[in-house]
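Structural overview for review
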Amino acid sequence: MGGSSVWHEAVGRLPTGSFAFVMATGIVSTALGIVGWHAASLALLVIAVSSLIALALLTTARLALSRPAMMLDARDPKHAFGYFTIVAAINVVGIRLYSSETPTTTIILAIASVPVWLLLTYGIPGNLMLRPRTGPVAADIDGSWFLWVVGTQSLATAAAVVGKSSGNSALAEIAVALWGIGVMLYIMLATLVTLRLLTVASKPSSFAPSYWIYMGATAITVLAGSRILILAPDLPILKATAPVVSGLTYVLWAFGAWWVPLLVIFGIWRHVVNHERLRYQAGLWSIVFPLGMYSVASMHFGTVTHLPFLVTVGRIGTGIAAVAWAAVTIGMISAGAGYLRTRNTKSVRTVHEPDG
């Protein structure tokens, strides 16, 4: 009975952005592999793949057992965009597993993510725009909305990675199209989120870790752009768009770097000035993922454009991302152990509690 209760509770409490752990672990694994820390990279890859499978099972169970709760989350502008972590996690792991000799796993995972992306990319905004509501949705906009960009650019990256080895012009065109959609979504959402920050009264709880996705969305756009730039240059789509992709990719890399100090200021204002307690929450993976993605994107783009200082930034960022991953993992394990101790204590008290 106890095991069944724990299972149902885990399924019921599963946050929409739970796959952010897989995203963060997968991209830090990629970064560590690039800088030559292969043992650590492999260990994180195993964790990422295992977690992806486990969370897929939990999400499927929640769909079967708690469908109304999932639909309620999908209608909530504060939680709905967290579901895009599913798309991003699938493709981050798929790209990490990519091999030019056996790209099958990457292709299968990318194809599996497409219907999820289509459902979310039209279902969530369509519902928010068309459903009856008592107030504006704009007041509920936060950094999690950038996961829409992250999911889109993860597909663009996967298409470019597979397109590079196959030489398939259709995949190249899809990659560039998705990259362009992601850029436009970023511009649109950046405008909305910034307006929200400037027009809604600030309070410590408002500046959640999800605002780091503001930078993470630029980082994965840079990665997708760098992957597109190494496609065969004689492809018609590359002849038409390469200068635009290259220029905008560098601009977005710089904009992402510009955001980092401001995001740190947000954190200082929240935790130091306003004494908001720093404790583990699933949203902390929204800090680890952008750090890892920015490192990987910097190293890839620096290599493609022959800008060594970008590679250096990426290598330094990899160390920071690895430390952040370890710190948040320790916090997650500690929080989980504390929760289990509390739960077991309550169970013992209930068993020994005298009747009437």
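See the structure printed just above.
This write-up is about the structure you can find in this document. (Residues numbered from 1 in each chain as written. Predicted model: local features only at pLDDT ≥ 70, side-chain atom pairs only at ≥ 80, totals over all residues. Heavy atoms only, no water.)

Considering the packing of helix α8 (residues 169–199) against helix α10 (residues 236–273)
At a minimum axis distance of 11 Å, the contact between α8 and α10 shows a crossing angle of 30°. Taken together, the axes of α8 and α10 are roughly parallel relative to one another. Crossing hand, α8 versus α10: left-handed. Counting all contacts with α8, which are made through Ala 172, Glu 173, Val 176, Trp 179, Val 183, Tyr 186 and Leu 197, the residues of α10 involved are Ile 237, Thr 241, Val 244, Val 245, Leu 248, Thr 249, Leu 252, Phe 255, Trp 259 and Phe 266. Across the contact of α8 with α10, the residue classes tally to 14 nonpolar, two polar and one charged. (Axes fitted to C-alpha atoms, helices over the stretch in contact; angles between N-to-C directions. Helix = DSSP H or I, 4+ residues; strand = E, 2+ residues; numbered from the N terminus. Parallel < 35°, antiparallel > 145°, perpendicular 65-115°, else oblique. Left-handed = near helix turned anticlockwise from the far one by under 90°. Contact = heavy atoms within 4.5 Å. Nonpolar A, V, L, I, M, F, W, Y, C, P; charged D, E, K, R; others polar.)

Examining the nonpolar core
Phe 146, Tyr 186, Ile 228 and Phe 289 are the most contacted members of the largest nonpolar core, which has 101 residues in total. Looking at which element gives the most residues to this core, the answer is α8, with twelve residues. When sequence neighbours within four positions are dropped, the list of residues in contact with Phe 289 reads Met 23, Ala 24, Ile 27, Val 92, Val 150 and Ile 220. (Core = buried A, V, L, I, M, F, W, Y, C linked by side-chain atoms within 4.5 Å. Buried < 20%, exposed > 50% of the residue type's maximum accessible area, 1.4 Å probe, protein only.)

Structural notes on the side chain of Thr 85
Take Thr 85: it is sitting in helix α5 (residues 84–96). Non-local contacts of Thr 85, meaning those with residues more than four positions away in its chain, are made with Thr 16, Gly 17, Ser 18, Phe 19, Ala 20, Met 23 and Leu 147.

Comments concerning the packing of aromatic side chains
Inspection of every chain in the model, using the stated rule, returns 18 aromatic pairs. Where Phe 146 meets Tyr 214, the ring centres are 4.4 Å apart and the plane angle is 35°; that geometry is what we call tilted. In this pair, Phe 146 sits in the loop between α6 (104–130) and α7 (147–166) while Tyr 214 sits in helix α9 (residues 213–229), placing the two residues 68 residues apart along the sequence. Given the relative accessible area of 0%, Phe 146 is considered buried. Residue Tyr 214 is classed as buried on the basis of its relative accessible area, which comes to 1%. Three or more aromatic residues link up through ring pairs in this structure, and these residues are Phe 146, Tyr 186, Tyr 214, Phe 255, Trp 258, Trp 259 and Phe 266. (Phe/Tyr/Trp six-rings, centres within 6.5 Å; stacked < 30°, edge-to-face > 60°.)

By themselves, these are just geometric observations and shouldn't be taken as functional.
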